[in-house]
Amino acid sequence: MSFAAYKMMHWPTAIENCAAGYITHSAADFTPQIASIQIDDAESELPNSRTIGPIPNLVVSAGNVLEIYVVRVQEVSTADSRGALDAKRGGVMAGVSGASLELVCHYRLHGNVESMGILSASGGRSRRRDSVILAFRDAKVSVLEYDDSIHGLHASSMHYFEGPEWLHLKRGRESFPRGPLVKIDPQGRCGGVLVYDLQMIILKTVQTGYGLVGDDEVFSSGTAVSARVESSYVICLRDLDIKHVKDFIFVHGYIEPVLVILHERELTWAGRISWKHHTCMVSALSINTAMKQHPVIWSAVNIPHDAYKLLAVPAPIGGVLVISANTVHYHSQSSSFSLAVNSFAVSGDNSREQPRSSFDVELDAAHAAWLANDVALLSTKTGELLLLTIVFDGRIVQRLDLVKSKASVLTSGITTMGNSLFFLASRLGDSLLVQFTSGTASSSSLKEEVGDIEGDAPLLKRIRRSSSDVLQDMASEELSFYGSTPNKADPVQRSFSYTVRDSLVNIGPLKDFSYGLRINANPSATGIAKQSNYELVSCSGHGKNGALCILQQSIRPEMITEVQLPGCKGIWTVYHKSSRTHNSDASKIPTEDDEYHAYLIISLEARTMVLETADLLGEVTETVDYYVQGSTIAAGNLFGRRRVIQVFARGARVVDGAYMTQDISFGPSNSESGSTSESLTVSSASIVDPYVLLRMNDGSIQLLVGDPSTCTVSTSIPTGFESSKKSVAACTLYHDKGPDPWLRKASTDAWLSTGIGEAIDGTEGTLQDQGDIYCIVCHENGTLEIFDVPNFNCVFSVDNFVSGKGHLVDSFVKEPLKDPRRISNNSNEATGHGRKENVQNMKVAELAMQRWSGQHSRPFIFGILTDGTVLCYHAYLFDAQENIKNEVSGRDPLSSNQTGTSRMRNLRFIRVPIDMYTREEMSGVTTYPRMSIFKNVGGNQGLFLSGSLPAWFMVFRERLRIHPQLCDGSIVAFAFLHNVNCNHGFIYVTSQGFLKICQLPSRLIYDNHWPVQKVPLKCTPHQVTYFAEKNLYPLIVSFPVLKTVSQILFPPADQEGGHQIDNNNLSPDELQRTYTVDEFEVRILEPEKSSGPWQTRATIPMHSSESALTVRMVSLFNTTSKENETLLAVGTAYVQGEDVAGRGRVLLYAIGRSDNPQNLVTEVFSKELKGAISALASLQGHLLIASGPKIILHKWTGTELNGVAFFDAPPLHVVSLNIVKNFILLGDIHKSIYFLSWKEQGAQLSLLAKDFGSLDCFATEFLIDGSTLSLAVSDEQKNVQIFYYAPKMSESWKGQKLLSRAEFHVGAHVTKFLRLPMLVPPSSDRTNTAAAASGADKTNRYALLFATLDGSMGCIAPLDELTFRRMQSLQKKLVDAVPHAGGLNPRSFRQFQSNGKAHRPGPDSIVDFELLCHYEMLPLEEQLEIANQIGTTRSQILSNFNDLAVGTSFL
């Protein structure tokens, strides 16, 4: 492995930063809705029925992923029946039945977001928008604003304080414990960024006049202006005598921005706490940005040493809250107040007694947000939600009140969104969007209200089930809480109630994972299909958010039945309503979604089969009037499902049930088309009630128009297509459904657009609300046009759709700012013709356009090109009024008579990246469509792409999730099926000729990068391993237990494992104080069989104060019975403080020896050793144990472990052990890696080489490429290094030193590597001689799959040199050719980060696929240009991409 590729496969999901701001709309854009109070809610009190005000966007970052969401709220209207509402998540609260997050845009940045702020526009209901400020290590700040014209973010300013000219800011230091911290003035006048722990950067914002637009701010729209940063300067806090800054914040209520800094005057340490404990203080600086002056205006001292957070109290109170582990302090210019929250609090000046809260809580690592101007919501480290109320009179604070509220997820941040929602961001569990209401309840009505809510248990149970981390209540099941906050003399109680509205799935932090078989694995599968047999079972989460995440990259459907059916070309399911019954009894008719299918039509090569989809699938081909003598092109329903239309090569039939009502043929009757018409046949068809669009094999199109009154169709050739001079490559119909069709908003004069109502005059205007129908046509020359049907006026057209531009704009709209990425206008003419690729014949092979259900959903356009590229575009609206051409260009004389009137000028499309490879050349012959749209398969909606690497495209929150389905190889046809035996399932036909009827696994969550199932454990998982024989997963978990001091110091006599501690004259009441300690156990879990949950089959408890550190299945050679045994080995350590020598136990268990299922696990050996047993492995039948500072190899006699060899290798503590043959790789927690070998003859362990650097290892693994062995290690600075052993090289000091082969910055802590064999791509029989020569090595080639603490997964895969050089030169080009979000440089992000330690740079032998994947998103001309510049071809680059994607398509 001299060269490797780094590729992300699952992006981070653990949210670290969250913020709320008006990014995509301003607060003034919100139209307040009248509270639609229902009749039965009318007598409820007024505060509860207030309307939800303007809701800001949610901005979250996880690792290097930035996402912006908009909240969609469903208000309750009187028309809604109560029954329909209960199904929504969280019930009805304050006139709202549901709220959900919808993705606006997401970016994968070349840098991890350290902190985030929202630069708000001045004024509350301003027309200006907010901007997002992101800070990156070491001192980079990007200001991003939303641009409507591109439907995304672009940088408005970038601030950089690194490099030689800013070196003085570091003051000689090299390593900093945290990255930059951003805080913004609440009025938006300036922002502050703390970098290098001592330098404060002040960002001064642009102060624009209200309503007036500055000269430089006329965008393409001229309406929306975002807040911007004008300039920045640096304040050195050391000059103000401020050291050791812990936090800072801008406060409310001053004329100039005031910055309050929490800092420690002189540090204290653990041994000095009892004397020196109040070392912090706050200083308030008034910031004058014009004069660059910052005088200190007030300060407060005597704040505890463990204070860590400031909260700015909103107006009218003002001031700051200082939060420390045991106290909460309020400070302002005029008053101060404190509240102790537990018994450890010490008052600063021992004169006055501190007020205590009514219960004990520890507030370290808490997060907070304001629910009202005097109520703050605190989330503690145990996941409790607390409410802190400031009781005030005027501006004088009287006291602080703290009350318990709910229990929820362990948070990494809270943000309030508007006046009735807040978002709980979490690194350790799913993040939640919660709605809250506050009311006042007089003490009399209190009791009965509590009783009422408890009576509503079923709804609660349903909420519980719907989310893995729903807010759990601490006291009881009620969903409301009352805190006693008497104000003045009136005993009015403030009540808050919550309901969870939405959650974002998180699988992080992944601490360990294991690779096991799925339940429905197919043992006979080979190649790529075999990967679908496996799944990853991973330990994720912490505490009560601990869970097992079962991850699968590809979907394996649950099969109901399969039959062999060779030669199948296409399948369709159709409905049949018996005619005219739909008026008689409306109550019995199922909704459109629930109606069962009536027939299944199967097209074979030379005939068509028809099956009835009743209780059994029975063939009725002989008894129906369908065309069965040849193959079918398409089939579908017309006239409100009363008729079926079947299209075949030479004609079409309209069928009512089993009887034909009309037969049409497209034959030689069209005499005007001359003698060529003999061969005129249909090559593809698209059916949207009541139209059928046909594309003929000569590139012309015909339209069948249905008449709903007579249920017949008639043929017409659309206007503008009579002469076939423009040949059509692909076409489709699109039905813009719903009462308010989405595309009508795109036309400036939508109510004038012709032919929407008049054309459909059949059935008494009932079709009026059915929406509009459009025809999308792509010509052979690459132009895409959208026509309205049936008039065929062109409403939208785009030149050169094939090139895959980033944005599609109507060609009649002048674009004032062209894409900044244009290299040159005629670059494709200028390229050397020697390397010209055959892109001239690149055409669109297939088109689809669809808008799935959802109130705010927008249509997608999918196109498959002949080279296999899948283009996907998402529509959006942008109102570019000023830039429309006034004159009608005479390009299209056919439709010029009304071109200017009803074009969709505001319609635009943005290209959506597709993170997967299903590239297969489309052959020139007529192929059946590969894209099948489904509305409801197992509750999901989207599109299925058939072909050699089939995939599901599912739509969640207006975001495309792509999940491959590899288990059956190539799939030729797909249709969704809903009948009695197969509820919302689907049918597909494999290329081997099997027809399978399946359902999607319902337990999986598909709204994630990979389908995932979460099994809640309610305790922290640490390590998991897999026992293949019995399909069991042994797992280490820990959970907190309350114990008294005497129980901890003197454990019961049966657990004499630990060392007894003398009673150091502790008083009896001190011995009774309780502490929380972690108890460990090993659980043996069995995966669910068919539908049941995961079962715990056995548990192995550990002793008191004993931690289980490692669990492994080991294969040992029993020297007595001379056979191999597979045993479960557990390594533990006793944690009893620094006075007791460290010891540990090694435990061996046999699983499933006895037939009795009660004792599944039997202990066969246990022994106590010196030092912690931190890693175990089996080496050629022996057991290798890392105990403290040495590793010992034991042989197993059946009852005893006897040491055979030892080595004093790790100086400190082994974190990982890997074994290949007789080689051992071990990683030490501080001293990098050691490479050893074991020789059986002399029974000796010998050190071959080690890395002499000081590296804090996280995980290690061997990387195998053919015959070369490399050693991979990940470290605490989020890097990965690859070493190799080369004793013949002079720089290896005669083989003592491991040499660096590659190094790379991943940007996340890699906790586990798994070595998996790479799959050989099926197309490896290339004529390329270089590939054939290296083909011998490719057989034994392994990739490393890794998991990180951010919830991301990726792989490191070996590459051959030729591919690597090509990819590396492409990577260098792409650094400049692609605009990077936030202005970040991908090269600096991937540099090895040594955090100030001495490090000699290693070779740059890893290519970054996170950057290379941008190549496909470039327009075709630029792809060709770049490929030409690096001396290769686009097809060669894409085939390398493809090989790597196929080679690493694990799971």
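Computed from a predicted structure; not experimentally measured.

Novice: Give me the overall build of the protein: which residues, what numbers.
Specialist: When helices and strands are counted, the protein shows 14 helices and 87 strands. For the protein, the proportion of its 1451 residues judged to be buried stands at 58%. Put simply, 62% of the contacts in the protein that link residues at least 6 apart link residues at least 24 apart. Just so you have it, the protein exposes about 59300 Å², and 51% of that area is on carbon and sulfur atoms.

Novice: Describe the packing of aromatic side chains, naming the residues involved and giving the relevant values.
Specialist: For the structure on display, the rule yields 37 aromatic pairs. An angle of 55° between the planes, with centres 6.3 Å apart, marks the rings of Phe934 and Phe974 as tilted. Taken together, the residues span a long stretch of sequence, with Phe934 in strand β56 (residues 931-937) and Phe974 in strand β60 (residues 971-977) at a distance of 40 residues. Linked through ring pairs, Phe934, Phe944, Trp952, Phe974, Phe986 and Tyr988 together constitute an aromatic cluster. Geometry around Phe1252 places Lys1250 over its ring, the cationic atom sitting 4.9 Å from the centre.

Novice: Account for the sheet that holds strand β58 (residues 951-956), naming residues and giving values.
Specialist: Strand order across the open sheet formed by 4 strands is β56-β57-β58-β59, with antiparallel pairing between neighbours. Both edges of this open sheet fall to β56 and β59 (959-964), since each of them pairs with a single strand only. Within the sheet, the average angular offset between the axes of one strand and its neighbour, ignoring direction, is 25°. Where strand β57 (residues 940-945) and β58 come together, 4 bridges link them in antiparallel fashion.

Novice: Kindly report on the nonpolar core, identifying the contributing residues and their values.
Specialist: Residues Leu1345, Met1353, Leu1370, Leu1374, Tyr1415 and Phe1441 are the most contacted members of the largest nonpolar core, which totals 44 residues. For this core, the leading source of residues is helix α10 (residues 1361-1377), giving 5 residues. With 30 residues, the next largest nonpolar core counts Tyr734, Leu743, Leu847 and Leu1420 among its residues.

Novice: I'd love a proper account of the confidence of the model for the protein, names of residues and values included.
Specialist: Residues with a pLDDT of 70 or more make up 82% of the protein, whose mean pLDDT is 82. Confidence drops under a pLDDT of 50 for residues 472-492, and excluding neighbours within four residues, the segment shows 61 contacts in the predicted structure.

Novice: Residue-level account of the packing of α10 against helix α14 (residues 1434-1447), with values.
Specialist: With their axes 11 Å apart at the nearest point, α10 and α14 run at an angle of 110° to one another. One way to sum up the angle between α10 and α14 is to call them roughly perpendicular. Crossing geometry of α10 relative to α14 is assigned as left-handed. Between α10 and α14, the contacting residues are Thr1363, Arg1366, Met1367 and Leu1370 on the first element and Gln1436, Ile1437, Asn1440 and Phe1441 on the second. Residue classes in the contact of α10 with α14 are distributed as 4 nonpolar, 3 polar and 1 charged.

Novice: Explain the environment of Asp239 residue by residue, including any values.
Specialist: Note on placement: Asp239 falls in the loop between β13 (229-236) and β14 (245-250). Relative accessible area serves as the criterion here: at 65%, Asp239 is assigned to the exposed category. For the pair Asp239 and Leu198, spaced 41 residues apart in the sequence, the C-alpha separation amounts to 9.7 Å.

Novice: Residues and numbers for unusual backbone geometry, please.
Specialist: That bond from Asp689 to Pro690 is cis: its omega, 5°, falls within 30 degrees of zero. Structurally, Pro690 is set in the loop between β43 (682-688) and β44 (691-696). Look at the link from Val789 to Pro790: it is a cis peptide, with omega at 5°. Relative to the assigned elements, Pro790 resides in the loop between β49 (784-788) and β50 (794-798). Even without a glycine there, the phi angle at Tyr196 is positive, about 50°.

Novice: Any chance you could break down the environment of Ala685 for me, citing the residues and the numbers?
Specialist: Looking at the secondary structure, you find Ala685 in strand β43. For Ala685, a relative accessible area of 24% translates into the label partly exposed. Distance from Ala685 to Pro929, taken between C-alpha atoms, is 9.4 Å for residues 244 residues apart in sequence. Excluding anything up to four places from it in sequence, Ala685 contacts Ile633, Ala634, Val647, Leu693 and Leu694.

Novice: Tell me about the sheet that holds strand β18 (residues 309-312), and name the residues and values.
Specialist: The sheet built from 4 strands is open, its strands ordered β18-β19-β20-β21 with antiparallel pairing. In this open sheet, the two edge strands, each paired with only one partner strand, are β18 and β21 (336-340). Put simply, the sheet's adjacent strands are angled 20° from each other on average, direction ignored. The sheet contact formed by β18 and strand β19 (residues 320-323) spans 4 bridges and is antiparallel. From the neighbouring strand, Leu310 faces β19, where its bridge partner is Val322.

Novice: So what's going on with the pattern of salt bridges? Residues and values would help.
Specialist: Summed over the entire model, instances satisfying the criterion amount to 46 salt bridges. As a salt-bridge pair, Arg137 and Glu114 come within 3.3 Å of each other at their nearest N and O atoms. Here the residue Arg137 occupies a position in the loop between β7 (131-136) and β8 (140-147), and Glu114 occupies one in the loop between β5 (96-108) and β6 (115-119), the gap between them amounting to 23 residues. A salt bridge links Asp401 to Arg399; the shortest N-O distance between them is 3.5 Å.

Novice: Give me the side chain of Thr24: which residues, what numbers.
Specialist: By the secondary structure assignment, Thr24 is in the loop between β2 (17-21) and β3 (57-62). Of the polar contacts made by the side chain of Thr24, one reaches the side chain of His25; its length is 3.1 Å. When neighbours within four sequence positions are excluded, Thr24 is seen to be in contact with Asn57, Val104, Arg129 and Tyr146.

Novice: So, helix α13 (residues 1420-1429): which residues are in play, and what are the values?
Specialist: Burial analysis of α13 places 8 of its 10 residues in the buried class, which makes it a mostly covered element. Just past α13, the residue Gly1431 takes up positive phi, approximately 75°.

Novice: Explain the pairing of strand β74 (residues 1190-1196) residue by residue, including any values.
Specialist: A large share of β74 lies buried, amounting to 5 of its 7 residues. Sheet topology note: the strand β73 (residues 1182-1187)/β74 ladder contains 5 bridges and is antiparallel. Residue pairing in the sheet places Leu1184 in a bridge with Leu1193 of β74. Taken together, β73 and the strand that follows it, β74, pair antiparallel across an intervening segment of 2 residues, in which Gly1188 is found at a positive phi of about 60°. As paired elements, β74 and strand β75 (residues 1201-1207) share 6 bridges and run antiparallel to each other. Directly across from Leu1193, in β75, lies its bridge partner Ala1205. What sits between β74 and β75 in their antiparallel hairpin is a turn of 4 residues, with Gly1198 showing a positive phi close to 105°.

Novice: I'd like to hear about the pairing of strand β10 (residues 181-184), residue by residue, with values.
Specialist: With burial as the criterion, each face of β10 is covered, one bearing Leu181 and Lys183 and the other bearing Val182 and Ile184. Note: β10 against strand β11 (residues 190-195), 4 bridges, orientation antiparallel. Pairing of Lys183 across the sheet is with Gly192, part of β11.

Novice: Break down the side chain of Asp1256 for me, with residues and values.
Specialist: In this structure, Asp1256 sits in the loop between β79 (1244-1250) and β80 (1257-1265). Look at Asp1256: it is buried, it has no salt bridge, and the nearest opposite charge is Lys1397 at 4.1 Å. In terms of polar contacts, Asp1256 uses its side chain to reach the side chain of His1230, at 3.0 Å. Look past the residues within four positions of Asp1256 in its chain and what remains in contact with it is Ile1229, His1230, Ser1274, Asp1275, Glu1276 and Lys1397.

Novice: Got a sec to walk through the state of the cysteines? Specific residues and values, please.
Specialist: According to the stated counting rule, one finds 0 disulfides in the structure shown. Looking at Cys998, it has no disulfide partner, and the nearest cysteine sulfur is the one in Cys967, 7.8 Å off.

Novice: Summarise the environment of Trp1293; cite the residues concerned and give the values.
Specialist: Position of Trp1293 among the secondary structure elements: in the loop between β82 (1279-1284) and β83 (1299-1305). On the accessibility criterion, Trp1293 (43% relative accessible area) is partly exposed. Linking Trp1293 and Ala1249, residues 44 residues apart in sequence, is a C-alpha distance of 9.6 Å.

Rules behind the numbers
Residues numbered from 1 in each chain as written. Predicted model: local features only at pLDDT ≥ 70, side-chain atom pairs only at ≥ 80, totals over all residues. Heavy atoms only, no water. Helix = DSSP H or I, 4+ residues; strand = E, 2+ residues; numbered from the N terminus. Buried < 20%, exposed > 50% of the residue type's maximum accessible area, 1.4 Å probe, protein only. Contact = heavy atoms within 4.5 Å. Areas by Shrake-Rupley, 256 points an atom, 1.4 Å probe, with all protein chains shown as cover. Phe/Tyr/Trp six-rings, centres within 6.5 Å; stacked < 30°, edge-to-face > 60°. Lys NZ or Arg CZ within 6 Å of the ring centre and 35° of its normal. Pairing = 2+ DSSP bridges. Axes fitted to C-alpha atoms, helices over the stretch in contact; angles between N-to-C directions. Core = buried A, V, L, I, M, F, W, Y, C linked by side-chain atoms within 4.5 Å. pLDDT = per-residue confidence, 0-100. Parallel < 35°, antiparallel > 145°, perpendicular 65-115°, else oblique. Left-handed = near helix turned anticlockwise from the far one by under 90°. Nonpolar A, V, L, I, M, F, W, Y, C, P; charged D, E, K, R; others polar. Salt bridge = Lys/Arg side-chain N within 4 Å of Asp/Glu carboxyl O. Polar contact = N/O pair within 3.5 Å; in protein donor to acceptor, adjacent residues only side chain to side chain. Lys, Arg positive; Asp, Glu negative; His and termini not counted. Disulfide = S-S within 2.5 Å.

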